[in-house]
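Architecture at a glance
Given next are the chains, with one letter for each unit.
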Amino acid sequence: MNGSCNVGLIGVGLMGHGIGRNLLRHGHMLSFLDHPGNQPVDDLIGESAVSKQSAREVAEASEVVILCVTGTPQVEAVLFEPDGVLEGLKQGAIVIDCSTAIPSSTVAIAERVAERGGRFLDAAMTRTPKEAEEGRLNLLVGASDELFAEVRPLLESFAEHIVHGGPVGAGHKLKLLHNYVSLGFTAVLAEATATARRAGIADDAFLEVLGNGGGGGVILERLRPFITSEDPSGFRFSLANTLKDVGYYNAMAEDLGASREVAGAIETLYREVNEAGHGETLVPALIAILEKR
């Protein structure tokens, strides 16, 4: 898959828009599903992308279909419901699932795609919409060695770092491990920030100590703009998605019989703020929410 190909994209949201933009920049032909959840698509259409009215139509026009939707229920719906991808999938076509999903469901989904004559891999994303627009996503891939080698050139059109974690499902397992650590540290840092303020510690002193010590890293830098100036744009991820991802991690850990005491407490925190009506709030604002408790 070294040349251009017909690619279908389902989910032109904050992350999917950047994927679509970079596919076009690398010479691929793009069809996408028209959906109210899409970001503005005039720029994509201006570069020759074509809007389709159903997932079936997207699949009929594509050699590769990329799914960039919220989670397992949405993946299953867009694939299997009437007028879904499987109804239009070509023999030998490839489905790439870039969502965050439950790994056990991913394996079952891959089997159904194979029964229809297609091929499936999970390619979960990390990083933010900014890197998506720049073509600099990280991808965590679950696929056979042969399929990974075939698809890698296409993935490189919108990703900077690509890790092949193993067979189907490995990408989603790695994504849940990554997000648990990332969102777990977010919860710890948000609580610590709220506590520091109650203790009368100046934000700049708090940030300097963490940055020069064990608290330094990506999450501190994503939350730093909110701590210093209440700017949430450093971490454009909703608290609803945070609860979903930590919930998926706990489901995986439970299936494995793995310890999840800490993960359970983190999920409880995110569930409480969601039940309080903060689901659409961006993650950095968790600091302000905890301050008011």
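What you are looking at is a predicted structure, and each value in this text was computed from that prediction instead of being measured. (Residues numbered from 1 in each chain as written. Predicted model: local features only at pLDDT ≥ 70, side-chain atom pairs only at ≥ 80, totals over all residues. Heavy atoms only, no water.)

Before going further, it helps to examine the overall build of the protein chain. Of the regular secondary structure elements, the protein chain holds 14 helices and 8 strands. The C-alpha radius of gyration computed for the protein chain amounts to 20 Å, which stays within 12% of the reference 19 Å derived for 293 residues, consistent with globular compactness. C-alpha atoms of the protein chain, sized along the principal axes, occupy 65 × 45 × 35 Å. Counting all 293 residues of the protein chain, 51% fall into the buried class. Long-range contacts, defined here as pairs at least 24 residues apart, represent 69% of the contacts in the protein chain between residues at least 6 apart. For the protein chain, the accessible surface area stands at approximately 12800 Å², while carbon and sulfur atoms represent 52% of it. Positive and negative side-chain charges of the protein chain, numbering 24 and 39 respectively, have mean locations separated by a distance of 2 Å. (Helix = DSSP H or I, 4+ residues; strand = E, 2+ residues; numbered from the N terminus. Rg over C-alpha atoms; globule rule 2.2 N^0.38 Å. Buried < 20%, exposed > 50% of the residue type's maximum accessible area, 1.4 Å probe, protein only. Contact = heavy atoms within 4.5 Å. Areas by Shrake-Rupley, 256 points an atom, 1.4 Å probe, with all protein chains shown as cover. Lys, Arg positive; Asp, Glu negative; His and termini not counted. Charge placed at Lys NZ, Arg CZ, Asp CG, Glu CD.)

This part is about the environment of Val95. You can see Val95 is positioned in strand β5 (residues 94–97). Residues Val95 and Gly8, 87 residues apart in the sequence, show an inter-C-alpha distance of 9.3 Å. When near neighbours in sequence (up to four residues on either side) are disregarded, Val95 contacts Val65, Leu67, Leu79, Leu89, Val113, Arg119, Phe120 and Leu121.

In this section: the packing of helix α10 (residues 203–211) against helix α11 (residues 218–229). Packing of α10 against α11 brings their axes to within 11 Å, and their N-to-C directions diverge by 170°. In this view, α10 runs roughly antiparallel relative to α11, as classed from their interaxial angle. In contact with Asp203, Leu207, Leu210 and Gly211 of α10, α11 contributes Leu220, Arg224, Ile227 and Thr228. Its residues assigned to classes, the contact of α10 with α11 comprises 4 nonpolar, 2 polar and 2 charged. (Axes fitted to C-alpha atoms, helices over the stretch in contact; angles between N-to-C directions. Parallel < 35°, antiparallel > 145°, perpendicular 65-115°, else oblique. Nonpolar A, V, L, I, M, F, W, Y, C, P; charged D, E, K, R; others polar.)

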